[in-house]
Amino acid sequence: MKMVNQKYDRRLIFCWVFIFLFFIIYNLASKIGLIPKILGGFYTFSIVVSSLIVWRVFVYHIIRIFGAMANKSTDIADVVSWLFLIFIILFSTCVGVGYFNRADLDIVEPLGAAAFRFFCLFVICIYLPIESNDFGRINFIAFLLTSIFIFLFYILGGNEFVVFDLSADSNLDLELNYQDVALAYLLIAVFGIAWVKQTVLRLFCWMISFGVLFLIDARSEFVAALIIFLGIELIFAKNKIKNLLYFVYLSFIFVLLFLIAYTYGYDFNLSGRMGGLLHVSSDESMLARYYLSDVGFRTIQDHFILGDFASYPPGQYMHNIFSAWVDLGLGGFLLLVVIFIMIVAVIIKSKNTGKRSVVWMLCISCIVLMIFAKAYFYILLPIVIGMFVNVHSKINRY
């Protein structure tokens, strides 16, 4: 879908940069004391501001929904859009019921904010000009800036993206919101790198992105980047063999640099979260997730149809798609499953058309992460579904 209003294309690109690029800068700068942390976690603030900037897009989207229903002119993208809107409504309803039933506000309030972010990000991504050169160029510039900024933070911040000893109250604010920073970086990097035409430079940028995600120590986003890379550069690429050979060559160089740095005493902290990928069965985080999954499945067994919203202590939720069943009931879980099946079916049947492969691999990576590692309120979910509707809808965007 393409915007006929170029002014709103520019506004939407600005909103994308404002939400994700400035999220990274704000969080890193506040952690090392360059700026005061006065905007909370920043995501909700930036999404509210961005939604106000492009408020006409929301009005147009509502009109378009009712227009499509009246004319009965639907396609697969519209069906996915409606199903996800139903999911958001169910999500918001459960939050409201939980609030009035006096559920734990430490759980209800963040989930309420997540439901709001879901709707705003979903609509913005439907109309985002992701196939335009301007969008790719700006993301590439943002990718370079954030890569440098994160590397400098890693040096100036004492290599502490993740704080493992949080026993003292004074240390509770030391931990960087590394997962959200990594996700914001991943989104900027993917669209920025995909814009690069020269094969060697593009693959070199991929290697940089892997290195930065390794430093951040966010293994889910690292795995997502690897899935997206394999899809774009090998599965959907026209010159698969050429790309593979270049990648092997660059990998050899990076491994050599890694060994040189390690030989001269640099500690890459392979005992951290990223190191857990090498020994999943004994990783403390994975063992904790297995326990939370067992608790969650018992909740599903006891509350099979409606679930039991916010029935767990803060932070102790299932880290997979079944978390939707726990909080939203069987209906919420089935909605996500049906949406995922429809997206995968469309990807399998569709032909590769340039930038679509980026969106497809983002969708696949999100599905994989939600099956194994992320809860239903993962912020990548509304982004990929909105982008899927964006590239597959037959109706003009504005």
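You'll find the structure just up there.
Residues numbered from 1 in each chain as written. Predicted model: local features only at pLDDT ≥ 70, side-chain atom pairs only at ≥ 80, totals over all residues. Heavy atoms only, no water.

Any chance you could break down the overall build of the protein chain for me, citing the residues and the numbers?
Across its full length, the protein chain carries 14 helices and 0 strands. Going residue by residue from the N terminus, the α and β elements of the protein chain occur as α-α-α-α-α-α-α-α-α-α-α-α-α-α. Residues classed as buried in the protein chain amount to 51% of the 398 residues present. Restricting the contact set of the protein chain to residue pairs at least 6 apart, pairs at least 24 apart contribute 75%. With the model as given, the accessible surface of the protein chain reaches about 18900 Å², and the carbon-plus-sulfur share is 67%. (Helix = DSSP H or I, 4+ residues; strand = E, 2+ residues; numbered from the N terminus. Buried < 20%, exposed > 50% of the residue type's maximum accessible area, 1.4 Å probe, protein only. Contact = heavy atoms within 4.5 Å. Areas by Shrake-Rupley, 256 points an atom, 1.4 Å probe, with all protein chains shown as cover.)

Give a detailed account of helix α9 (residues 219–235), specifying residues and quantitative values.
Its 17 residues place the ends of α9 22 Å apart at the C-alpha level, agreeing with the 24 Å of an ideal helix rising 1.5 Å per residue. For α9, a buried count of 12 out of 17 residues is recorded, marking the element as mostly surrounded by other parts of the structure. Of the residues making up α9, those classed as buried are R219, S220, E221, F222, A224, A225, I227, I228, F229, G231, I232 and E233. (Expected span 1.5 Å × (residues − 1).)

An account of unusual backbone geometry is needed here, citing residue identities and associated values.
In this structure, D217 takes a positive phi of about 75° despite not being glycine. Of note, D217 is situated in the loop between α8 (199–216) and α9. Here the phi dihedral of A310 falls at roughly 55°; this positive angle occurs in a residue that is not glycine. Note that A310 resides in the loop between α11 (284–302) and α12 (323–349). Exposure remark for A310: the relative accessible area of 11% places this residue in the buried category.

Break down helix α13 (residues 356–372) for me, citing the residues and quoting the values.
Across its 17 residues, α13 extends 25 Å between first and last C-alpha, which sits within 8% of the 24 Å expected from 1.5 Å per residue. Buried residues dominate α13, accounting for 12 of its 17 residues. For α13, the set of buried residues is S357, V358, V359, W360, M361, L362, C363, S365, C366, I367, L369 and M370. Its buried side turned inward, α13 meets α7 (178–195), α9, α12 and α14 (380–392).

How would you summarise the environment of L306 if you had to cite specific residues and measurements?
Mapped onto the secondary structure, L306 falls in the loop between α11 and α12. Classification of L306 by relative accessible area gives exposed; the value is 69%. With 24 residues separating them along the chain, L306 and L330 place their C-alpha atoms 6.3 Å apart. Apart from residues no more than four positions distant in its own chain, L306 is found in contact with D327, L328 and G329.

So what's going on with the packing of aromatic side chains? Residues and values would help.
Tallied over the full model, the rule gives 34 aromatic pairs. Centroid distance F210 to F229: 5.6 Å. Interplanar angle 85°. Geometry classified as edge-to-face. Within this pair, whereas F210 is found in helix α8, its partner F229 is found in helix α9, the two being separated by 19 residues in sequence. A relative accessible area of 10% places F210 in the buried class. For F229, a relative accessible area of 1% puts it in the buried group. For the pair F322 and W325, a centre-to-centre distance of 6.4 Å together with 20° between the ring planes defines the contact as stacked. Accessibility expressed as a relative area gives 26% for F322, which makes it partly exposed. Its relative accessible area of 11% is what places W325 among the buried residues. (Phe/Tyr/Trp six-rings, centres within 6.5 Å; stacked < 30°, edge-to-face > 60°.)

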